[in-house]
Amino acid sequence: MARRWHRWFSAPAPPERLAVVRVLVGGYALVYLLGRLPHFLNVAGFVDDPRFDPVGVLWFLDRPLSEGAARALVVAAPVAGVAFVAGWRWRISGPAFAVLFLVVTTYRNSFGQVWHTENLVALHLLVLAMAPAAADALSLDHRRQRRPVPSSGPEHGMPLRICALVTVAAYVLSGYAKLRYGGFDWAAGETLRNHVAHDNLRKALLGDPWSPLAAPALQVAWIFPPMAAASLAVELVAPLALFGARLRRAWIAAAWLFHVGVLALMAITFPYQLLGIAYASMLPAERLLGWRRLVRPPPDPASISR
Amino acid sequence: MRTRVAYATLVVAAVVMLAPVVVDRDSYPGSTYPMFARDRGHISAVATAVGIDEHGEVLRLTPNLIGGSDEVVLAVETVLKAVRAGPAAADDLCERVARRVTRAGLPAVRIEIRVETLDAVRWFTDDDRTPLQVTRHAECPVEG
């Protein structure tokens, strides 16, 4: 059993696969930070704020950071993110960006409300940052060293396996929480219906966009039991994604549809999942490079020889 | 990534993800994933701040005006925390909201920190949008 596990865990993968996942995850995190920069800068201004309730790695703080320090972190994070995506000075920029992203998002979560849309990104960045081989391809480090791309190896496969396990664990824990707090009654649909109503109502009362599908869906009570059962099943059977390509693709499709449903009924966006990047570590992500070649064909050999 | 480092990373990731579940306290990046897990019933108590204009009409305020950020959940939590902390905290929040409303130039003459209790499902299915109950926790003028 242990040998089988180790064989699965340390299966080799092409360096391009790990590199593409690095670019996708890092690129997503970078765009996310830049897109939400005004929000993060705004949170950096929450000085002497009575809501301050630090979580995670910032548990030790007894008061908010000074505005200058918080703003410096918010600005430094995307700078490190550019280096992370480009694979420049990877052994420094990898951990630096992963830690800065974690700190900036943790700080934002330390004012009374923990969000659940960035957990996987933060965890994936940390895992990738622990992998020196993540910059073996598609990186400025690799270009500078002028050496061929190494062959497939376990050092490229293991970080991807850990990312996949983290993804699966997040879904299972989410499903477990529903059973823990709501019991099997959760699958009966009433809890889900109430949440759809409550979440949209809260948005409506605070002048925020709410789902136009909420009202028609809530009129049809019978659709909620199958939706609740399906949601719970998708979360609890996530480990199936670790067994074989067909099961993996089926589970990813189901999980993606689950997030589409959340978006449609509750206007809650999980962009990391909806863009498919959360699942990239489970897929032959290097095939994206083939699309790049289709878009930009290789130069004509005759023109090179001239 | 060497094999030992890979296994160490895996163990750390497992600890980070499981610790909040074991101690039953939500955290980040590990989480108990409490959202949508508990049945909250169809009656919703929404903590909010509203503006009242000179005719006594209610003006709905945005999350930014209430919580100083564009996040709905943070705005609700901000009001909820202030209400739970007592009258002084609710008054303090009321004044902060009033200052933002003044800057935004809304035609509100006063702000109310309140908890509105509504039947969330009926709000959508029966178009019955009357609150079952409104509890006012603080009230303050908007300097004009």
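Since the structure is predicted, the reported quantities are computational estimates derived from the model, not experimental observations. (Residues numbered from 1 in each chain as written. Chains lettered and ligands numbered in written order. Predicted model: local features only at pLDDT ≥ 70, side-chain atom pairs only at ≥ 80, totals over all residues.)

### Describing the sheet that holds strand β2 (residues 58–60) of chain B
All names here are of chain B. Rule in force here: In short, DSSP must find at least two bridges between two strands for them to pair. By the criteria applied, helices consist of DSSP H or I runs no shorter than four residues and strands consist of E runs no shorter than two, each listed in order from the N terminus. Where helices are involved, their axes are fitted lines through C-alpha atoms of the stretch in contact, as for all axes, and angles between N-to-C directions lie from 0 to 180°.
Taken in spatial order, the four strands line up as β2-β1-β3-β4 in an open sheet, and their pairing is antiparallel. Strand pairing shows two members of the sheet lacking a second neighbour, β2 and β4 (133–141), which therefore form its edges. Here the average twist between neighbouring strands, direction ignored, is 35°. Here 11 bridges tie strand β1 (residues 43–53) to strand β3 (residues 108–119), and the two strands are oriented antiparallel to one another.

### Describing helix α11 (residues 224–236) of chain A
Residues and elements named next belong to chain A. Rule in force here: Every helix has an expected span of 1.5 Å times one less than the residues it contains. Partly exposed residues are those whose C-beta has more than 12 but fewer than 20 other C-beta atoms within 10 Å; with 20 or more the residue is buried, with 12 or fewer it is exposed, and the C-beta atoms are placed from the backbone. Picture the helix axis, draw a direction to every C-beta atom, and the arc is the one those directions span. C-beta atoms are first placed from the backbone for all residues, and any pair lying within 7 Å is then listed as a contact.
Helix length check: α11 (13 residues) gives 18 Å between terminal C-alpha atoms against 18 Å at 1.5 Å per residue, within 8%. Turning to α11, its buried residues are Phe224, Ala228, Ser231, Val234 and Glu235. Seen along its axis, α11 keeps its buried residues to an arc of 130°; they face one direction. Packing partners of the buried residues in α11 comprise α8 (154–182), α9 (190–205) and α12 (245–266).

### A short note on the pairing of β1(B)
Residues and elements named next belong to chain B. In this structure, β1 lies alongside β2, joined through three bridges in antiparallel fashion. Looking at the pairing, Ile52 lines up with Val58 of β2. In this antiparallel pair of consecutive strands, β1 and β2, the connection spans four residues, and Gly56 shows a positive phi of 85°.

### As for the packing of helix α3 (residues 72–85) of chain B against helix α4 (residues 87–104) of chain B
Look at α3(B) against α4(B): their axes get within 5 Å of each other, and the N-to-C directions meet at 145°. Contacts between α3(B) and α4(B) involve B:Thr78, B:Val79, B:Ala82, B:Val83 and B:Ala85 on the former and, on the latter, B:Ala89, B:Ala90 and B:Leu93.

### Some points on the nonpolar core
Threshold: Only buried Ala, Val, Leu, Ile, Met, Phe, Trp, Tyr and Cys residues enter a nonpolar core, and they are joined through C-beta atoms within 7 Å.
A:Phe101, A:Leu125, A:Val166 and B:Val97 are the most contacted members of the largest nonpolar core, which totals 131 residues. The element best represented in this core is α8(A), accounting for 13 residues. Setting aside its immediate chain neighbours within four residues, B:Val97 contacts B:Ala49, B:Leu61, B:Leu65, B:Ile66 and B:Ile111.

### A few points about the interface of chain A and chain B
How big an interface is tends to be stated in terms of accessible area lost as the parts join. Heads up, the rule is: Side-chain classes follow a simple rule in which Ala, Val, Leu, Ile, Met, Phe, Trp, Tyr, Cys and Pro form the nonpolar group, Asp, Glu, Lys and Arg form the charged group, and the remainder, Gly included, forms the polar group.
Contact residues are listed per partner, giving 56 residues for chain A and 52 residues for chain B. Of all the secondary structure elements, the ones that give two or more residues to the side of chain A that touches chain B are α3 (37–44), α5 (90–108), α6 (119–129), α8, α9 and α10 (214–219) of chain A. Looking at the side of chain A that touches chain B element by element, the count peaks at 13 residues for α8(A). Residues belonging to the side of chain A that touches chain B are distributed by class as follows: 29 nonpolar, 19 polar and eight charged.

### Describing unusual backbone geometry
Of the consecutive residues B:Tyr28 and B:Pro29, the connecting peptide bond is found in the cis state with omega at 5°. Looking at the element boundaries, B:Pro29 is found in the loop between α1 (3–23) and β1. A positive phi angle, close to 45°, is found at A:Arg146, a residue other than glycine. Here A:Arg146 shows up in the loop between α7 (140–145) and α8. You will see that B:Asp24, though not glycine, has its phi angle at about 55°, which is positive. Checked against the element boundaries, B:Asp24 lands in the loop between α1 and β1.

### A short note on the environment of A:Arg22
All names here are of chain A. Its place among the elements puts Arg22 in helix α2 (residues 15–35). Here Arg22 falls in the buried class, since 30 other C-beta atoms lie within 10 Å of it. Once the C-alpha coordinates of Arg22 and Gly94 are considered, the two residues, 72 residues apart in sequence, prove to be 9.4 Å apart. With sequence-adjacent residues up to four places away left out, Arg22 is seen in contact with Gly87, Leu128 and Ala134.

### A few points about the packing of α8(A) against α1(B)
To keep things clear, this is the line we draw: Angle categories: roughly parallel below 35 degrees, roughly antiparallel above 145, roughly perpendicular from 65 to 115, and oblique for all the rest. By definition, turning the near helix anticlockwise from the far helix through less than a right angle yields a left-handed crossing, and turning it clockwise yields a right-handed one.
Taken N-terminus to C-terminus, the directions of α8(A) and α1(B) make an angle of 15°; their axes are 10 Å apart at the nearest point. Considered as vectors, α8(A) and α1(B) are oriented roughly parallel to each other. When the axes of α8(A) and α1(B) are compared, the crossing they make is right-handed. Between α8(A) and α1(B), the contacting residues are A:Met158, A:Ile162, A:Leu165, A:Val166, A:Ala169 and A:Leu173 on the first element and B:Ala6, B:Thr9, B:Leu10, B:Ala13, B:Met17 and B:Val21 on the second. Taken together, the residues that form the contact of α8(A) with α1(B) break down as 11 nonpolar, one polar and no charged.

### Comments concerning the pairing of β3(B)
Where β3(B) meets β4(B), eight bridges bridge the pair, whose relative direction is antiparallel. Each bridged residue has a counterpart across the sheet, and for B:Arg110 the counterpart in β4(B) is B:Pro141.

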